[in-house]
Amino acid sequence: MITIRPANEIDAAAIATVHIVAWKETYQGIVPEDFLQNLSIERRTAQWVNSLSDPQNQYHHAFVAELNGQVLGFANYGFSTDTEYRGELFAIYMLKSAQKRGIGRMLVSEVVTGFAGLGVDSMLVWVLKENPARGFYENLGGVFLRETTIEIGGKALLEVAYGWRDLSRFQSG
Ligand SMILES: CC(C)(COP(=O)(O)OP(=O)(O)OC[C@H]1O[C@@H](n2cnc3c(N)ncnc32)[C@H](O)[C@@H]1OP(=O)(O)O)[C@@H](O)C(=O)NCCC(=O)NCCS
């Protein structure tokens, strides 16, 4: 059975591993290959230890999805710097082998519950324009907001924002 639970610093290495494996699975052909090859589980683990252990850290809040104690995916969320949408889904990654089983949707629902605890009732997410995951956000009712250019590994990439003004659609049921 899939369990969704808040992450803590003990999960840092498992989250970092999923994070990097999923980046490689998702962004091959989109993000420069040498950037993907240089991703380091050790460095990423240290970043996750920092954020998960420090309640003041912008990236402190996360949920993991696990099966039999193995982390299959995670979602990271917190306050947005956007003036209109108060919450931001900073990252959501499932291992390819665990995708399209409803777990991403479960993670987003938990994030929305987490936002309620922070007094946040709207959210946005940024996604690379070339990432098919845009279909996931559209399926969840995200509304296209705007696009911008970001640079990853020396390459300029388009990023698209989707927003939810009202998170009540995610309430359990
Ligand atoms: C995007 C992601 C988190 C979605 O999680 P998931 O567990 O695969 O999605 P779910 O199974 O919960 O899907 C929920 C709904 O969205 C749909 N959906 C999922 N991915 C989709 C896609 N790429 N395009 C269109 N619809 C999609 C599902 O069919 C499902 O629809 P339904 O309930 O009407 O049947 C996951 O696929 C993933 O980690 N992808 C790679 C990493 C990534 O791109 N992350 C986002 C970075 S911004």
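Residues numbered from 1 in each chain as written. Predicted model: local features only at pLDDT ≥ 70, side-chain atom pairs only at ≥ 80, totals over all residues. Heavy atoms only, no water.

Chemist: If you had to explain the overall build of the protein to someone new, which residues and values would you point to?
Modeler: If you tally the helices and strands in the protein, you get five helices and seven strands. Helices and strands appear in the protein in the N-to-C order β-α-α-α-β-β-β-α-β-α-β-β. Counting only C-alpha atoms, the protein reaches 40 × 35 × 35 Å along its principal axes. Here the protein, with 173 residues, has 46% of them falling under the buried criterion. Taking the intrachain contacts of the protein between residues at least 6 apart in sequence as the baseline, contacts between residues at least 24 apart amount to 61%. About 9100 Å² of surface is accessible on the protein, with carbon and sulfur atoms providing 50% of the total. (Helix = DSSP H or I, 4+ residues; strand = E, 2+ residues; numbered from the N terminus. Buried < 20%, exposed > 50% of the residue type's maximum accessible area, 1.4 Å probe, protein only. Contact = heavy atoms within 4.5 Å. Areas by Shrake-Rupley, 256 points an atom, 1.4 Å probe, with all protein chains shown as cover.)

Chemist: An account of the packing of helix α1 (residues 12–27) against helix α3 (residues 41–53) is requested, with residue identities and associated values reported.
Modeler: Axis separation between α1 and α3 bottoms out at 8 Å; the angle between their running directions is 125°. When the axes of α1 and α3 are compared, the pair comes out oblique. For the crossing formed where α1 meets α3, the hand is right-handed. Only Ile 41, Arg 44, Thr 45, Trp 48, Val 49 and Leu 52 of α3 make contact with α1, whose side of the interface consists of Ala 12, Ala 13, Ile 15, Ala 16, Thr 17, His 19 and Ile 20. (Axes fitted to C-alpha atoms, helices over the stretch in contact; angles between N-to-C directions. Parallel < 35°, antiparallel > 145°, perpendicular 65-115°, else oblique. Left-handed = near helix turned anticlockwise from the far one by under 90°.)

Chemist: Explain the layout of surface pockets to me, and be specific about the residues and the numbers.
Modeler: Estimates place the volume of the largest pocket at around 1300 Å³. What lines the largest pocket is a set of 44 residues, and nearest its centre among them are Tyr 27, Ile 92, Tyr 93, Asn 131 and Tyr 137. Considering each element in turn, the lining of the largest pocket owes the most residues, seven residues, to strand β4 (residues 87–94). (1 Å grid on protein atoms, 1.4 Å probe; cavity = no way out; pocket = protein on both sides within 12 Å on 5 of 7 lines; lining within 4 Å. Points joined across faces, edges and corners; volume = space filled by probe spheres on them.)

Chemist: Just give me the short version of unusual backbone geometry, but keep the residues and values in it.
Modeler: Notably, Asn 68 is not glycine yet its phi reads approximately 50°, a positive angle. Relative to the assigned elements, Asn 68 resides in the loop between β2 (61–67) and β3 (70–79). Among the residues examined, Asn 68 registers a relative accessible area of 73% and is labelled exposed. At Lys 100, a position not held by glycine, the phi torsion is positive, near 60°. Looking at the element boundaries, Lys 100 is found in the loop between β4 and α4 (103–117).

Chemist: Let's hear about the site of the ligand: which residues, and what values?
Modeler: By nearness alone, 21 residues border the ligand, and Met 94, Lys 100, Gly 102, Gly 104 and Arg 105 come closest of all. Here an oxygen atom of the ligand and a backbone polar atom of Met 94 are 2.7 Å apart. Asn 139 places a side-chain nitrogen or oxygen 3.4 Å from an oxygen atom of the ligand. Out of a free accessible area of 920 Å², the ligand has 76% covered by protein chains. Judged by its atoms lying within 2 Å of the grid points, the ligand is housed in the largest pocket. (Near = heavy atom within 4 Å. Polar contact = N/O pair within 3.5 Å; in protein donor to acceptor, adjacent residues only side chain to side chain. Sits in = over half its atoms within 2 Å of the grid points.)

Chemist: Lay out the packing of aromatic side chains in plain terms, naming residues and giving numbers.
Modeler: Scanning all chains against the criterion turns up 13 aromatic pairs. For the ring pair Trp 48 and Phe 74, a centre distance of 5.4 Å and an interplane angle of 80° mean the geometry is edge-to-face. In this pair, Trp 48 sits in helix α3 while Phe 74 sits in strand β3, placing the two residues 26 residues apart along the sequence. Residues Trp 48 and Phe 74 agree in their burial class; the two are buried. (Phe/Tyr/Trp six-rings, centres within 6.5 Å; stacked < 30°, edge-to-face > 60°.)

Chemist: Please give an account of the environment of Ala 13 that cites residues and values.
Modeler: By the element assignment, Ala 13 lies in helix α1. Residue Ala 13 is classed as partly exposed on the basis of its relative accessible area, which comes to 39%. Along the sequence, Ala 13 and Glu 66 sit 53 residues apart, while their C-alpha atoms lie 14 Å from each other.

Chemist: How would you summarise the nonpolar core if you had to cite specific residues and measurements?
Modeler: In this structure, Leu 89, Leu 107, Val 108, Met 123, Tyr 137, Trp 164 and Phe 170 are the most contacted members of the largest nonpolar core, which totals 27 residues. For this core, the secondary structure elements donating two or more residues are β2, β3, β4, α4, β5 (123–128) and β7 (155–164). Residue contributions to this core peak at six residues, all from α4. When sequence neighbours within four positions are dropped, the list of residues in contact with Phe 170 reads Val 108, Ser 109, Val 112, Met 123, Leu 140 and Trp 164. (Core = buried A, V, L, I, M, F, W, Y, C linked by side-chain atoms within 4.5 Å.)

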